[in-house]
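# Summary of structural features
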Amino acid sequence: MDSSEENDADLQSQIEEIEALSSIYGDEWCVIDEATRVFCIRISDDTHQPKWTVCLQIILPPDYPSSAPPIYQINAAWLRGRDRMTLSNSLEELENTGESILYLWVEKIREFLMEKSQSAEGPETGKTMTTEEEGHDYDEDDLPDYSVLKLANQSAQLFSDASDDEELPPIKHGETITDRRSTFQPHLAPVVTPKQVQRVLNNLYENKKIASATHNIYAYRIYFEDKNSFLQDCEDDGETAAGGRLLHLLQILDVRNVLVVVSRWYGGILLGPDRFKHINNCARNILIQEGYTDTSEETSKAGGKNKRSKGKKAK
(Lines give C-alpha, C1' and ligand atoms only; values in the text may rest on other atoms or scores of the structure.)
Protein backbone atom coordinates (compact mmCIF):
# COMPACT_ATOMS: atom_id res chain seq x y z
CA MET A 1 0.00 0.00 0.00
CA ASP A 2 1.51 3.36 -1.05
CA SER A 3 1.46 6.44 1.20
CA SER A 4 -1.61 8.04 -0.39
CA GLU A 5 -3.63 4.84 0.01
CA GLU A 6 -2.42 4.52 3.59
CA ASN A 7 -3.43 8.12 4.35
CA ASP A 8 -6.87 7.50 2.84
CA ALA A 9 -7.24 4.38 5.00
CA ASP A 10 -6.17 6.35 8.08
CA LEU A 11 -8.68 9.09 7.35
CA GLN A 12 -11.46 6.55 6.90
CA SER A 13 -10.51 4.88 10.20
CA GLN A 14 -10.56 8.27 11.92
CA ILE A 15 -13.99 9.12 10.53
CA GLU A 16 -15.41 5.81 11.70
CA GLU A 17 -13.82 6.17 15.13
CA ILE A 18 -15.13 9.74 15.58
CA GLU A 19 -18.64 8.71 14.54
CA ALA A 20 -18.57 5.88 17.09
CA LEU A 21 -17.28 8.12 19.90
CA SER A 22 -19.84 10.80 19.11
CA SER A 23 -22.59 8.17 19.28
CA ILE A 24 -21.31 6.69 22.55
CA TYR A 25 -20.57 9.91 24.45
CA GLY A 26 -23.13 12.32 22.99
CA ASP A 27 -22.83 15.85 24.36
CA GLU A 28 -19.57 15.04 26.17
CA TRP A 29 -17.86 14.79 22.76
CA CYS A 30 -16.94 18.09 21.06
CA VAL A 31 -15.48 18.90 17.63
CA ILE A 32 -13.08 21.84 17.97
CA ASP A 33 -11.76 21.93 14.38
CA GLU A 34 -12.84 19.26 11.91
CA ALA A 35 -10.34 20.31 9.23
CA THR A 36 -7.28 19.92 11.46
CA ARG A 37 -8.76 16.92 13.32
CA VAL A 38 -8.95 18.58 16.76
CA PHE A 39 -11.48 17.16 19.23
CA CYS A 40 -12.31 17.31 22.91
CA ILE A 41 -14.22 15.16 25.38
CA ARG A 42 -15.22 15.88 28.96
CA ILE A 43 -14.80 12.86 31.22
CA SER A 44 -16.18 12.52 34.76
CA ASP A 45 -16.16 9.88 37.46
CA ASP A 46 -19.98 9.94 37.63
CA THR A 47 -22.48 11.05 34.99
CA HIS A 48 -25.12 12.33 37.44
CA GLN A 49 -23.05 13.67 40.34
CA PRO A 50 -19.51 14.21 39.09
CA LYS A 51 -16.81 14.88 41.68
CA TRP A 52 -13.75 14.68 39.40
CA THR A 53 -13.79 15.93 35.81
CA VAL A 54 -11.15 16.44 33.14
CA CYS A 55 -11.14 17.62 29.55
CA LEU A 56 -9.20 15.43 27.12
CA GLN A 57 -8.14 17.37 24.01
CA ILE A 58 -6.94 15.40 21.00
CA ILE A 59 -5.29 15.98 17.63
CA LEU A 60 -5.37 13.10 15.16
CA PRO A 61 -2.24 13.16 12.96
CA PRO A 62 -2.69 12.22 9.27
CA ASP A 63 -0.90 8.90 9.89
CA TYR A 64 -3.05 7.85 12.88
CA PRO A 65 -3.75 5.02 13.54
CA SER A 66 -1.39 3.26 11.12
CA SER A 67 1.92 4.64 12.42
CA ALA A 68 1.39 7.50 14.89
CA PRO A 69 -0.57 7.88 18.14
CA PRO A 70 -2.96 10.77 18.80
CA ILE A 71 -1.51 13.93 20.34
CA TYR A 72 -3.32 14.77 23.56
CA GLN A 73 -3.58 17.27 26.39
CA ILE A 74 -5.45 16.70 29.66
CA ASN A 75 -6.93 19.82 31.26
CA ALA A 76 -8.21 20.10 34.83
CA ALA A 77 -7.36 22.73 37.44
CA TRP A 78 -6.88 20.03 40.10
CA LEU A 79 -4.76 17.67 37.99
CA ARG A 80 -1.06 18.18 38.70
CA GLY A 81 2.11 16.60 39.93
CA ARG A 82 2.03 12.86 40.52
CA ASP A 83 -1.64 12.51 39.49
CA ARG A 84 -0.92 14.06 36.08
CA MET A 85 2.15 11.90 35.56
CA THR A 86 0.36 8.70 36.60
CA LEU A 87 -2.55 9.36 34.26
CA SER A 88 -0.30 10.29 31.30
CA ASN A 89 1.81 7.17 31.79
CA SER A 90 -1.28 4.96 31.91
CA LEU A 91 -2.46 6.35 28.55
CA GLU A 92 0.92 5.87 26.91
CA GLU A 93 1.03 2.26 28.10
CA LEU A 94 -2.13 1.60 26.05
CA GLU A 95 -0.62 2.88 22.79
CA ASN A 96 -0.59 0.21 20.11
CA THR A 97 0.41 1.39 16.63
CA GLY A 98 -2.09 0.38 13.99
CA GLU A 99 -5.13 0.30 16.27
CA SER A 100 -7.70 2.93 17.21
CA ILE A 101 -7.06 3.95 20.79
CA LEU A 102 -9.38 6.82 21.78
CA TYR A 103 -12.14 4.74 23.38
CA LEU A 104 -9.59 2.90 25.52
CA TRP A 105 -8.06 6.24 26.56
CA VAL A 106 -11.41 7.70 27.58
CA GLU A 107 -12.34 4.67 29.63
CA LYS A 108 -8.89 4.50 31.23
CA ILE A 109 -9.28 8.13 32.32
CA ARG A 110 -12.79 7.42 33.64
CA GLU A 111 -11.42 4.43 35.57
CA PHE A 112 -8.70 6.67 37.06
CA LEU A 113 -11.32 9.25 38.12
CA MET A 114 -13.58 6.61 39.66
CA GLU A 115 -10.68 5.19 41.68
CA LYS A 116 -9.78 8.69 42.83
CA SER A 117 -13.39 9.38 43.79
CA GLN A 118 -13.43 6.32 46.02
CA SER A 119 -10.16 7.14 47.77
CA ALA A 120 -10.03 10.93 48.15
CA GLU A 121 -11.97 14.13 48.74
CA GLY A 122 -13.41 15.94 45.77
CA PRO A 123 -11.55 18.88 44.25
CA GLU A 124 -14.03 21.33 45.74
CA THR A 125 -12.67 20.60 49.23
CA GLY A 126 -9.23 19.11 48.55
CA LYS A 127 -6.03 21.12 48.69
CA THR A 128 -5.49 20.81 44.95
CA MET A 129 -7.99 23.55 44.14
CA THR A 130 -6.47 26.41 42.14
CA THR A 131 -5.42 28.71 44.95
CA GLU A 132 -5.63 32.15 43.39
CA GLU A 133 -8.54 31.43 41.06
CA GLU A 134 -11.07 29.79 43.39
CA GLY A 135 -13.92 31.92 42.11
CA HIS A 136 -13.71 30.39 38.63
CA ASP A 137 -15.85 27.41 37.72
CA TYR A 138 -14.73 24.43 35.69
CA ASP A 139 -15.93 25.71 32.33
CA GLU A 140 -13.78 28.84 32.46
CA ASP A 141 -10.65 27.23 33.85
CA ASP A 142 -10.55 24.31 31.46
CA LEU A 143 -11.54 25.64 28.06
CA PRO A 144 -9.60 23.84 25.32
CA ASP A 145 -6.30 25.56 24.54
CA TYR A 146 -6.12 25.07 20.79
CA SER A 147 -2.86 27.03 20.49
CA VAL A 148 -1.09 24.60 22.83
CA LEU A 149 -2.42 21.62 20.89
CA LYS A 150 -1.29 23.18 17.64
CA LEU A 151 2.21 23.59 19.07
CA ALA A 152 2.13 19.97 20.21
CA ASN A 153 1.12 18.86 16.73
CA GLN A 154 4.01 20.78 15.15
CA SER A 155 6.58 19.38 17.57
CA ALA A 156 5.25 15.83 17.92
CA GLN A 157 7.86 14.41 15.54
CA LEU A 158 10.62 15.92 17.67
CA PHE A 159 9.24 14.16 20.74
CA SER A 160 8.82 10.85 18.96
CA ASP A 161 12.42 10.99 17.70
CA ALA A 162 13.81 11.31 21.23
CA SER A 163 15.73 8.30 22.48
CA ASP A 164 14.27 6.21 25.30
CA ASP A 165 17.64 6.07 27.03
CA GLU A 166 18.24 9.81 27.29
CA GLU A 167 20.61 10.68 30.13
CA LEU A 168 19.07 12.50 33.10
CA PRO A 169 20.56 16.02 33.10
CA PRO A 170 21.90 17.49 36.36
CA ILE A 171 19.14 19.25 38.32
CA LYS A 172 19.89 22.36 40.38
CA HIS A 173 17.69 23.74 43.16
CA GLY A 174 17.57 27.44 44.01
CA GLU A 175 16.89 29.48 47.13
CA THR A 176 13.30 29.80 48.35
CA ILE A 177 11.21 32.96 48.51
CA THR A 178 8.53 33.12 51.21
CA ASP A 179 5.68 35.65 51.35
CA ARG A 180 2.61 35.43 53.61
CA ARG A 181 3.19 31.73 54.24
CA SER A 182 3.48 30.85 50.54
CA THR A 183 6.88 29.44 49.60
CA PHE A 184 8.41 29.43 46.12
CA GLN A 185 11.47 27.42 45.03
CA PRO A 186 13.08 27.18 41.57
CA HIS A 187 14.66 24.13 39.93
CA LEU A 188 16.74 24.15 36.73
CA ALA A 189 18.17 21.60 34.32
CA PRO A 190 20.01 21.90 30.99
CA VAL A 191 17.98 20.11 28.30
CA VAL A 192 18.52 19.54 24.59
CA THR A 193 15.65 17.12 23.84
CA PRO A 194 11.99 16.88 24.89
CA LYS A 195 12.70 13.45 26.36
CA GLN A 196 15.16 15.07 28.77
CA VAL A 197 12.44 17.53 29.80
CA GLN A 198 10.18 14.59 30.65
CA ARG A 199 12.94 12.77 32.52
CA VAL A 200 13.68 15.85 34.65
CA LEU A 201 9.99 16.33 35.47
CA ASN A 202 9.62 12.66 36.38
CA ASN A 203 12.66 12.90 38.64
CA LEU A 204 11.36 16.02 40.37
CA TYR A 205 7.99 14.41 41.02
CA GLU A 206 9.74 11.53 42.74
CA ASN A 207 10.69 14.02 45.46
CA LYS A 208 7.79 13.94 47.93
CA LYS A 209 8.17 17.58 48.91
CA ILE A 210 8.13 18.79 45.30
CA ALA A 211 5.28 16.42 44.38
CA SER A 212 3.25 17.85 47.26
CA ALA A 213 3.62 21.46 46.06
CA THR A 214 0.35 23.20 45.26
CA HIS A 215 1.74 24.10 41.84
CA ASN A 216 4.82 23.09 39.84
CA ILE A 217 5.01 25.68 37.07
CA TYR A 218 7.54 25.12 34.31
CA ALA A 219 8.80 26.43 30.98
CA TYR A 220 11.56 25.32 28.65
CA ARG A 221 13.31 26.40 25.45
CA ILE A 222 15.35 24.09 23.22
CA TYR A 223 17.31 25.53 20.30
CA PHE A 224 17.83 23.51 17.11
CA GLU A 225 20.81 25.06 15.38
CA ASP A 226 20.36 23.14 12.13
CA LYS A 227 16.84 24.50 11.76
CA ASN A 228 17.54 27.86 13.44
CA SER A 229 14.36 27.40 15.46
CA PHE A 230 13.16 26.84 19.02
CA LEU A 231 10.99 24.18 20.58
CA GLN A 232 9.42 25.75 23.64
CA ASP A 233 6.45 25.09 25.90
CA CYS A 234 5.13 25.79 29.38
CA GLU A 235 2.74 24.47 32.04
CA ASP A 236 0.63 26.44 34.57
CA ASP A 237 -0.15 23.41 36.76
CA GLY A 238 -3.28 25.17 38.00
CA GLU A 239 -1.65 28.59 38.56
CA THR A 240 -3.47 30.35 35.74
CA ALA A 241 -1.17 32.21 33.28
CA ALA A 242 1.98 31.54 35.35
CA GLY A 243 3.54 29.17 32.80
CA GLY A 244 3.13 31.64 29.95
CA ARG A 245 4.71 34.41 32.02
CA LEU A 246 7.63 32.16 32.92
CA LEU A 247 8.18 31.23 29.26
CA HIS A 248 8.02 34.94 28.35
CA LEU A 249 10.84 35.59 30.83
CA LEU A 250 13.00 32.91 29.18
CA GLN A 251 12.28 34.50 25.80
CA ILE A 252 13.18 38.00 27.00
CA LEU A 253 16.47 36.74 28.43
CA ASP A 254 17.00 34.68 25.25
CA VAL A 255 18.18 31.66 27.24
CA ARG A 256 18.18 28.34 25.47
CA ASN A 257 18.49 24.63 26.16
CA VAL A 258 17.13 24.97 29.67
CA LEU A 259 14.11 23.89 31.72
CA VAL A 260 13.01 25.98 34.71
CA VAL A 261 10.46 24.70 37.23
CA VAL A 262 9.08 26.82 40.07
CA SER A 263 7.33 25.00 42.91
CA ARG A 264 4.80 26.88 45.02
CA TRP A 265 3.48 25.71 48.36
CA TYR A 266 0.34 27.74 49.07
CA GLY A 267 0.08 29.11 52.60
CA GLY A 268 -3.62 29.95 52.74
CA ILE A 269 -3.35 33.69 51.98
CA LEU A 270 -4.03 34.96 48.46
CA LEU A 271 -1.08 36.91 47.05
CA GLY A 272 -2.74 38.34 43.96
CA PRO A 273 -0.30 39.58 41.27
CA ASP A 274 2.62 39.28 43.70
CA ARG A 275 2.67 35.52 43.05
CA PHE A 276 3.79 36.13 39.46
CA LYS A 277 6.55 38.44 40.68
CA HIS A 278 7.84 35.75 43.04
CA ILE A 279 7.68 33.03 40.38
CA ASN A 280 9.68 35.10 37.90
CA ASN A 281 12.14 36.32 40.55
CA CYS A 282 12.81 32.69 41.52
CA ALA A 283 13.44 31.84 37.88
CA ARG A 284 15.74 34.84 37.35
CA ASN A 285 17.73 34.02 40.46
CA ILE A 286 18.47 30.43 39.46
CA LEU A 287 19.27 31.45 35.86
CA ILE A 288 21.82 33.92 37.26
CA GLN A 289 23.08 31.32 39.76
CA GLU A 290 23.72 28.79 36.96
CA GLY A 291 25.27 31.28 34.55
CA TYR A 292 22.50 31.54 31.94
CA THR A 293 22.25 35.31 32.41
CA ASP A 294 23.79 37.93 34.69
CA THR A 295 22.70 40.93 36.72
CA SER A 296 24.25 43.53 34.41
CA GLU A 297 22.51 41.98 31.41
CA GLU A 298 19.23 41.91 33.28
CA THR A 299 19.64 45.57 34.21
CA SER A 300 20.21 46.49 30.57
CA LYS A 301 17.09 44.57 29.56
CA ALA A 302 15.04 46.25 32.26
CA GLY A 303 16.24 49.57 30.83
CA GLY A 304 15.03 48.62 27.38
CA LYS A 305 18.41 47.92 25.74
CA ASN A 306 18.60 45.13 23.22
CA LYS A 307 21.43 43.08 24.68
CA ARG A 308 20.96 39.36 23.93
CA SER A 309 22.05 36.28 25.80
CA LYS A 310 23.26 33.51 23.52
CA GLY A 311 22.96 30.71 26.02
CA LYS A 312 24.73 29.55 29.14
CA LYS A 313 27.88 31.50 29.88
CA ALA A 314 31.16 29.76 30.61
CA LYS A 315 32.03 29.75 34.28
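## Overview of the sheet that holds strand E3 (residues 53-59)
The 4 strands lie next to each other as E1-E2-E3-E4, forming an open sheet whose pairing is antiparallel. Both outer strands of the open sheet, strand E1 (29-33) and strand E4 (71-75), are each paired with one neighbouring strand and no more. In this sheet, adjacent strand axes meet at a mean angle of 20° when their direction is disregarded. Sheet analysis places E1 next to strand E2 (residues 38-44), joined by 4 bridges and oriented antiparallel. From the neighbouring strand, Cys30 faces E2, where its bridge partner is Cys40. Sheet contacts for helix H3 (residues 102-119): E1, E2, E3 and E4; angle to E2, the most-contacted strand, approximately 30°.

## Describing the pattern of salt bridges
Inspection of the entire model under this criterion finds 12 salt bridges. Between Asp179 and Arg180 there is a salt bridge, with its nearest N and O atoms 2.9 Å apart. Among the charged side chains, a network of salt bridges with common partners joins Asp179, Arg180, Asp274 and Lys277.

## Let's talk about the packing of aromatic side chains
Tallied over the full model, the rule gives 4 aromatic pairs. Judged by centre distance (5.0 Å) and plane angle (70°), the rings of Tyr72 and Trp105 are edge-to-face. In this pair, Tyr72 is assigned in strand E4 and Trp105 in helix H3, connecting sequence segments 33 residues apart. We classify Trp105 as buried; its relative accessible area is 0%. Judged by centre distance (5.0 Å) and plane angle (45°), the rings of Tyr223 and Phe230 are tilted.

## Examining the nonpolar core
Considering soluble globular proteins, one finds that nonpolar side chains tend to be buried as a cluster. Of all hydrophobic cores here, the largest spans 27 residues; its most connected members are Trp29, Leu56 and Leu102. Broken down by secondary-structure element, the contributors of at least two residues to this core are helix H1 (3-25), E2, E3, E4, helix H2 (81-94) and H3. Looking at this core, the element that brings in the most residues is H3, giving 6 residues. Once residues within four sequence positions are removed from consideration, Leu56 is found in contact with Phe39, Cys40, Ile41, Ile43, Tyr72, Gln73, Ile74, Val106 and Ile109.

## A closer look at helix H8 (residues 242-253)
The end-to-end C-alpha distance of H8 is 17 Å, a good match for the 16 Å that 12 residues give at a rise of 1.5 Å each. Among the residues of H8, those classed as buried are Ala242, Gly243, Leu246, Leu247, Leu249, Leu250 and Leu253. For H8, the angular spread of the buried residues around the axis is 150°, confining them to a single face. Just downstream of H8 lies Asp254, where phi reads positive at about 55°.

## Observations regarding the packing of H2 against H3
Where H2 meets H3, the closest approach of the two axes is 10 Å, and the angle between their N-to-C directions is 145°. Our pair here, H2 against H3, has a crossing hand that is right-handed. Contacts from Asp83, Thr86, Leu87, Ser90, Leu91 and Leu94 in H2 reach Leu104, Trp105, Lys108, Ile109, Phe112 and Lys116 in H3. Split by residue class, the contact of H2 with H3 holds 7 nonpolar, 2 polar and 3 charged.

Rules used throughout
Residues numbered from 1 in each chain as written. Predicted model: local features only at pLDDT ≥ 70, side-chain atom pairs only at ≥ 80, totals over all residues. Heavy atoms only, no water. Pairing = 2+ DSSP bridges. Helix = DSSP H or I, 4+ residues; strand = E, 2+ residues; numbered from the N terminus. Axes fitted to C-alpha atoms, helices over the stretch in contact; angles between N-to-C directions. Contact = heavy atoms within 4.5 Å. Salt bridge = Lys/Arg side-chain N within 4 Å of Asp/Glu carboxyl O. Phe/Tyr/Trp six-rings, centres within 6.5 Å; stacked < 30°, edge-to-face > 60°. Buried < 20%, exposed > 50% of the residue type's maximum accessible area, 1.4 Å probe, protein only. Core = buried A, V, L, I, M, F, W, Y, C linked by side-chain atoms within 4.5 Å. Expected span 1.5 Å × (residues − 1). Arc of directions from axis to C-beta. Left-handed = near helix turned anticlockwise from the far one by under 90°. Nonpolar A, V, L, I, M, F, W, Y, C, P; charged D, E, K, R; others polar.

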